[in-house]
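# Overview (structure and organization)
Given next are the chains, with one letter for each unit.
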There are 2 protein chains.
Amino acid sequence: MEVKANGPNDESGRIPDGPTKGRIPDGPTNPMVTPLLTDLYQFTMAYAYWKAGKHQERAVFDLYFRKNPFGGEYTVFAGLEECIRFIANFKFTEDEISFIRETLPGSCEDGFCDYLRGLDCSEVELYAVPEGSVVFPKVPLLRIEGPIAVVQLLETPLLNLVNYASLVATNAARHRFVAGKTKMLLEFGLRRAQGPDGGIGASKYCYIGGFDATSNVAAGRFFGIPLRGTHSHAFVSSYMSLDEIVEKSLQSSDGSSSCEDFVSLVQTWLDKIKWSNSLRGVFVETNQSELAAFTSYALAFPNNFLALVDTYDVIRSGIPNFCAVALALSDLGYKAVGIRLDSGDLAYLSCEARKFFCAIEKEFGVPGFGKTSITASNDLNEETLDALNKQGHEVDAFGIGTYLVTCFTQAALGCVFKLVEINNQPRIKLSEDVSKVSIPCKKGCFRLYGKEGYPLVDIMTGENEPSPKVGERILCRHPFNESKRAYVVPQKVEELLKCYWPGISGKAREDLPPLKEIRERCIKQLSKCVLII
Amino acid sequence: MEVKANGPNDESGRIPDGPTKGRIPDGPTNPMVTPLLTDLYQFTMAYAYWKAGKHQERAVFDLYFRKNPFGGEYTVFAGLEECIRFIANFKFTEDEISFIRETLPGSCEDGFCDYLRGLDCSEVELYAVPEGSVVFPKVPLLRIEGPIAVVQLLETPLLNLVNYASLVATNAARHRFVAGKTKMLLEFGLRRAQGPDGGIGASKYCYIGGFDATSNVAAGRFFGIPLRGTHSHAFVSSYMSLDEIVEKSLQSSDGSSSCEDFVSLVQTWLDKIKWSNSLRGVFVETNQSELAAFTSYALAFPNNFLALVDTYDVIRSGIPNFCAVALALSDLGYKAVGIRLDSGDLAYLSCEARKFFCAIEKEFGVPGFGKTSITASNDLNEETLDALNKQGHEVDAFGIGTYLVTCFTQAALGCVFKLVEINNQPRIKLSEDVSKVSIPCKKGCFRLYGKEGYPLVDIMTGENEPSPKVGERILCRHPFNESKRAYVVPQKVEELLKCYWPGISGKAREDLPPLKEIRERCIKQLSKCVLII
């Protein structure tokens, strides 16, 4: 099979279809993901295998993790598409081969370079759980079979591509669980992420885990994820006073009329609010720098007015200023989107904001104003979301950054890559730590479902053992209590590992679904798990 | 000034010299670092500034952090070179402009696209502390001046490029401090890092923070960092027996003779060790799969034989097998490098290994064998290094991965980017949380040194205040106790912020030093700090 080198080779930037097995996927999203993105020992081992004439021996490796992250009961598997993109385009450039030659000891033979020159993943087979699946410890997420030297070279990049992807998707799913299904969740983590594609990866995998949108424009472009964002504190403090606003006119929403002095209209509304029956005394003078910033932003985005209200004082300045601008917009047929709170007691402030909005709706007869959207941000995480729920709040959308994307409470998922078979012989790694002993043999992995279509347990069988069958009783290890056993009679049996890269086996290749389908799979599977837990 | 778009534009992959101010740096190491790698709100703000005719107003932003990470007393500043590479090549492509146009509301004016089309950083000035410097909270690491709309667009990428870089460099420096100056420190984190360039960045910035080498081949190639690595457990378990070794001959180190059956030589040595006076009874039968793997590896790398000895049993198999191969190599004039321990009680096992090596040296008269190198790995971090030191150990080199590169104990550094001045007017961000109130005004930042050339304190002055002078008494805030003040008479005054991107100011541009110089600056500055702390 012909496998193309990394990178595009026609004008559209796409790699054309392979000759026999459908389209070869594009290369990895990050062009830094090359065959050199691996540990040096993969090359020293490859050389030693090659030198011993052992490099073509057929090996089977399992990629799995030993423990669910965040002290939880499940993990979301992600990163598969990038793994397949990497494998499909795995090929050394001459520059890369020269670098390897210089890096290995001078005593190494040049024939190894010829070997690397001809190397690709055409003899490799990769089986995987579908991306976005809910998965559990010890069951392989990937099974990779192929000539031992090349499969070893894949170890580090595959681990790198799966580890963080699955960790952050799981973290996103956990945040979604605490926030509840009805809240909008926005990923705001780019500035604090661990490097540029730590940020881009976070946006992609948080979307899979159930987030609705991201602030990261690059991720929006790469993956088609919805984008969200309005303005920062700096925008507010960059204004001094309303005098700065030169162009003051605003056309009405339907284009039928024009307000020549939108600034005066805003000021009139601020005065009306100030002296209204229900809000009298709540505030005296609002910050004029902030009012100018809001007014200016509304003039730029009359259909998308969302204001950050905590630069100076939320209750006495930010919310009244927002409402004055929103009501002026309403006069012209526009509907303001809402506010963002980025500091202080978010539960209290959101409830006060809601009261304020409801009072405005009632007093000035603006239908729906009470439902103006409230977004909250500021170092949110699972715990603070839970605390907000317990206190009671009126937040509609959460913007979550640092704790989400860096997986602050557990910054790494410990996926490992273990040799389980070579030349059809089972292999094991022993350890004084029992949890680190690998499970030998090429395995079949199955998910057993009960009567209502809910998953019961995942089991592994040796390749030559019979597969579990619908309606047949089978003895399983209890999923949450290792010392217990339980009989299960499955109503449905699903083979977990599907063939995503068939090599030269002639097997059918699973399609890589679009991101939205992966996200839907995740959300659907989680809804079933959560019911059980 | 002509600023070139991202990416190479001649055959060497290098951007040619700029017309007036010397060479324009190459683009960012990661091609994903483009002007779209930012939050959407930077674009909505830019549009609102542009719409209000405010986009060219001259703003000053400070980039700083509020608290040292890891509960420590210092931070290592890193990431500057990537920031300058980004700024120097900041330019939108037509595709990027189209994407922004589609993303912004339809009501936005097309003139904004023309504005973006002409945008670069020629009017931006960037001042920074030199990369690799030891820095402290609240003092700006970067000061960026320029038209407000473009400087806001830079906020997110600059934060992204500085935050993780500085965090992981600091983490590396802390590991170096605990390990001590004489130990070899190897960064092994790629497989657990947060995404591909989380791994590549970790390798670079751990090197700056005082590590000696990495396992990450891509990072070795990008940055010239020394590479290290030998083999894994899978290599060991991929062998069944010595019968697998077909090519058994090995030439002597000086080429003068050849051993036709190196396998038999190894077996002979294993037998000698087994029945030697001092080691009799330590082991009975070693694992033959392991012995085969070691022998095969030595045949491939006779000058670089380093064996992972914990696949089966360190004391009863791994170490005796290693010694047998090492002594066989020694017969042929080669010197084995050492062993790696990757599990178990590293303090105990390293001491046992050392005793074994010393016994071999004595019994068989092999000079220097007792000093055979011992590398330890397996989830090491500051605490475990400290515990090893307290227990007493014989480890010469540490391989550190997960905890180092993901900064497990604190996965984010909270750098912020605050507007401090616009049109020469100071600006402030207030907050109910006093630590979050920004310090307004464009600042001068100075490090004051005492008699022996040791740094005493960093101070900030308003731009129009007099700078501190050598020999003149100045009242400073106490560096570790905010409520205290202290008089300082500096013997040397250093301006911390240097001009790395002069825009059109005509100022001289600081060179970007090579990575090794940055590393040396860091190590030198830390040695002075540590003496004081």
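Rules used in this analysis
Residues numbered from 1 in each chain as written. Chains lettered and ligands numbered in written order. Predicted model: local features only at pLDDT ≥ 70, side-chain atom pairs only at ≥ 80, totals over all residues. Heavy atoms only, no water. Core = buried A, V, L, I, M, F, W, Y, C linked by side-chain atoms within 4.5 Å. Buried < 20%, exposed > 50% of the residue type's maximum accessible area, 1.4 Å probe, protein only. Contact = heavy atoms within 4.5 Å. Axes fitted to C-alpha atoms, helices over the stretch in contact; angles between N-to-C directions. Helix = DSSP H or I, 4+ residues; strand = E, 2+ residues; numbered from the N terminus. Left-handed = near helix turned anticlockwise from the far one by under 90°. Nonpolar A, V, L, I, M, F, W, Y, C, P; charged D, E, K, R; others polar. UniProt positions renumbered as here; feature names shortened; annotations may be inferred. Expected span 1.5 Å × (residues − 1). Bend = angle between axes of the 7 residues up to and from the residue. Pairing = 2+ DSSP bridges. Salt bridge = Lys/Arg side-chain N within 4 Å of Asp/Glu carboxyl O. Least-squares fit on C-alpha atoms with pLDDT ≥ 70 in both. Phe/Tyr/Trp six-rings, centres within 6.5 Å; stacked < 30°, edge-to-face > 60°. Lys NZ or Arg CZ within 6 Å of the ring centre and 35° of its normal. Buried area = accessible area lost by both parts, 1.4 Å probe. Polar contact = N/O pair within 3.5 Å; in protein donor to acceptor, adjacent residues only side chain to side chain. Domains from an automatic or database assignment. Parallel < 35°, antiparallel > 145°, perpendicular 65-115°, else oblique.

### Considerations on the nonpolar core
In terms of nonpolar packing, the biggest core is built from 338 residues, with Phe322 of chain A together with Phe322 of chain B touching the most fellow members. Every residue in contact with phenylalanine 322 of chain A, bar those within four places of it in the chain, is listed here: Phe294, Phe305, Ala307, Val309, Ala336, Gly338, Ile339, Phe357, Phe369 and Thr372 of chain A.

### What about the packing of helix 10 (residues 288-300) of chain B against helix 11 (residues 314-331) of chain B?
All names here are of chain B. Two elements in contact, helix 10 and helix 11, have axes separated by 9 Å at closest approach and are oriented at 30 degrees. For the pair helix 10 and helix 11, the crossing hand works out as right-handed. For the pair helix 10 and helix 11, the contacting residues are Glu290, Leu291, Phe294, Thr295 and Ala298 in the first and Ser317, Gly318, Asn321, Phe322, Val325 and Leu329 in the second. In terms of residue class, the contact of helix 10 with helix 11 is made up of six nonpolar, four polar and one charged.

### A short note on the UniProt feature "domain: Nicotinate phosphoribosyltransferase C-terminal" (unreviewed entry) in chain A
Per the UniProt entry, the sites bearing "domain: Nicotinate phosphoribosyltransferase C-terminal" (unreviewed entry) are residues 442-528 of chain A in this numbering. As annotated, residues 442-528 of chain A comprises 16% helix and 36% strand, and the C-alpha atoms at either end are separated by 29 Å.

### With respect to helix 5 (residues 148-179) of chain B
Residues and elements named next belong to chain B. The end-to-end C-alpha separation of helix 5 is 45 Å, in line with the 46 Å expected for 32 residues at 1.5 Å each. A bend of about 35 degrees at glutamate 155 is the largest found in helix 5, and the proline proline 157 appears one to four places after it. Of all the 32 residues making up helix 5, 31 are buried; the element is thus mostly covered by neighbouring parts of the structure. Looking one or two residues past helix 5, glycine 180 carries a phi angle of roughly 95 degrees, positive in sign.

### Some words on the sheet that holds strand 10 (residues 306-308) of chain A
Strand order in the open sheet made by the six strands is 7-6-13-12-11-10 (chain A), with parallel pairing throughout. The strands lining the two open edges of the sheet, one partner per strand, are strand 7 (213-214) and strand 10 of chain A.

### Brief notes about the pattern of salt bridges
In this structure the tally under the stated criterion is 57 salt bridges over all chains. Here glutamate 463 of chain A and lysine 442 of chain A are joined by a salt bridge, their closest N and O atoms 3.4 Å apart. A residue pair is termed long-range when its members are at least 10 positions apart, and glutamate 463 of chain A in the loop between strand 17 (455-462) and strand 18 (474-477) and lysine 442 of chain A in the loop between strand 15 (425-426) and strand 16 (443-449) qualify at 21 residues. You can call glutamate 463 of chain A partly exposed: its relative accessible area is 45%. You can call lysine 442 of chain A buried: its relative accessible area is 13%. Note that arginine 316 of chain B is salt-bridged to aspartate 313 of chain B, the shortest N-O span being 3.1 Å. Given the relative accessible area of 25%, aspartate 313 of chain B is considered partly exposed.

### Here's the deal with the relation of the copies chain A and chain B
Between the two copies of the chain lies a relationship made up of a rotation around an axis and a movement along it. Least-squares fitting of chain A to chain B yields an RMSD of 0.0 Å, with the transformation described by 0.0 Å of translation along the axis and a rotation of 180 degrees. The two molecules are tied by a two-fold rotation axis, judged by turn and shift. Interface overlap between copies: 100% of the residues of chain A at the interface are likewise at the interface in chain B, consistent with a symmetric, same-surface contact.

### Digging into the environment of methionine 32 of chain A
Here methionine 32 of chain A lies in the segment before helix 1 (40-51). Relative accessible area serves as the criterion here: at 4%, methionine 32 of chain A is assigned to the buried category. Linking methionine 32 of chain A and leucine 349 of chain A, residues 317 residues apart in sequence, is a C-alpha distance of 45 Å. Residues in contact with methionine 32 of chain A, not counting those within four places in the same chain, are Leu37 of chain A together with Thr29, Asn30, Pro31, Asp197, Ile200 and Phe222 of chain B.

### With respect to the packing of aromatic side chains
Under the counting rule described, the total for this entry stands at 40 aromatic pairs over all chains. A ring pair is formed by tryptophan 269 of chain A and phenylalanine 364 of chain A, whose centres lie 5.2 Å apart and whose planes are at 90 degrees; its orientation type is edge-to-face. With tryptophan 269 of chain A in helix 9 (residues 262-274) and phenylalanine 364 of chain A in helix 12 (residues 346-364), this pair connects stretches of sequence that are 95 residues apart. Where tyrosine 47 of chain B meets phenylalanine 112 of chain B, the ring centres are 5.3 Å apart and the plane angle is 85 degrees; that geometry is what we call edge-to-face. Placement of tyrosine 47 of chain B in helix 1 (residues 40-51) and of phenylalanine 112 of chain B in helix 4 (residues 111-117) is noted, with a sequence separation of 65 residues between them. A connected cluster of aromatic rings, assembled from ring pairs, spans Tyr47, Tyr49, Trp50, Phe112 and Tyr115 of chain A together with Phe235, Tyr239, Tyr297 and Phe301 of chain B. Directly above the aromatic system of tyrosine 207 of chain A lies the positively charged group of arginine 519 of chain A, at a separation of 4.6 Å from the ring centroid.

### Thoughts on the interface of chain A and chain B
Facing the 105 residues of chain A at the interface are 105 residues of chain B. Both sides of the chain A and chain B interface together cover about 8800 Å² of buried area, and 61% of this is carbon and sulfur. Ranking the residues of chain A by area buried against chain B places Met32, Arg191 and Gln194 of chain A at the top, with a combined share of 10%. Taken together, the connections running from chain A to chain B amount to eight salt bridges. Of the charged contacts in the structure, one is a salt bridge between aspartate 39 of chain B and arginine 191 of chain A, with a shortest N-O distance of 2.9 Å. Applying the counting criterion to the chain A and chain B interface returns 37 residue pairs in polar contact (both at pLDDT 80 or more). Among the elements that line the side of chain A that touches chain B, the one with the most residues is helix 1 of chain A, at 10 residues. Grouping the constituent residues of the side of chain A that touches chain B by class yields 52 nonpolar, 33 polar and 20 charged.

### Some details on the side chain of asparagine 216 of chain A
When you line up the elements, asparagine 216 of chain A lands in the loop between strand 7 and helix 7 (217-223). For asparagine 216 of chain A, a relative accessible area of 0% puts it in the buried group. Looking at asparagine 216 of chain A, its side chain comes within polar contact range of the main-chain oxygen of glycine 199 of chain A, at 3.5 Å. When residues no more than four places from it in sequence are discounted, the contact partners of asparagine 216 of chain A are Leu190, Gly199, Ile200, Ser203 and Leu227 of chain A together with Leu36, Leu37, Thr38 and Asp39 of chain B.

### Describing unusual backbone geometry
Even without being a glycine, cysteine 441 of chain A presents a positive backbone phi close to 85 degrees. With respect to the secondary-structure elements, cysteine 441 of chain A resides in the loop between strand 15 and strand 16. Using a relative accessible area of 29% as the deciding quantity, one classes cysteine 441 of chain A as partly exposed. One non-glycine residue, lysine 138 of chain B, lies in the positive phi region at around 75 degrees. As for its position among the elements, lysine 138 of chain B is in the loop between strand 4 (134-135) and strand 5 (142-147).

### Considerations on the domain arrangement of chain A
For chain A, the assigned domains read domain 1 (40-175 + 410-532) and domain 2 (230-395). Placing the centre of domain 1 of chain A and that of domain 2 of chain A at their C-alpha centroids yields a distance of 51 Å.

### Describing the sheet that holds strand 11 (residues 338-341) of chain B
Strand pairing in a sheet is mediated by backbone hydrogen bonds. Such pairs are either parallel or antiparallel. Residues and elements named next belong to chain B. An order of 7-6-13-12-11-10 is seen for the six strands of this open sheet, with the pairing classed as parallel. Each of the sheet's edge strands pairs with one partner strand only, and the pair in question is strand 7 (213-214) and strand 10 (306-308). Bridge analysis of strand 6 (residues 184-187) against strand 7 gives two bridges, and the strand direction is parallel. In the strand pairing of strand 7, glutamate 187 is matched with threonine 214.

### Focus: the packing of helix 9 (residues 262-274) of chain B against helix 11 of chain B
Residues and elements named next belong to chain B. Look at helix 9 against helix 11: their axes get within 8 Å of each other, and the N-to-C directions meet at 120 degrees. As far as their axial angle goes, helix 11 and helix 9 are oblique. Considering how the two elements wind past one another, helix 9 and helix 11 form a crossing that is right-handed. Residue-level contacts link Phe262, Leu265, Val266, Trp269, Leu270 and Ile273 of helix 9 to Pro320, Asn321, Cys323, Ala324, Val325, Leu327, Ala328, Leu329 and Asp331 of helix 11. Partitioned by chemical class, the residues of the contact of helix 9 with helix 11 number 13 nonpolar, one polar and one charged.

### A look at the side chain of serine 203 of chain B
Residue and element names in this part refer to chain B. Within the secondary structure layout, serine 203 lies in helix 6 (residues 196-208). Taking relative accessible area as the criterion, serine 203 reaches 1% and is therefore assigned buried. At 3.3 Å, the side chain of serine 203 and the side chain of threonine 214 are in polar contact. If we skip the residues at most four places from it in the chain, serine 203 touches Glu187, Thr214, Asn216, Ala219 and Ile225.

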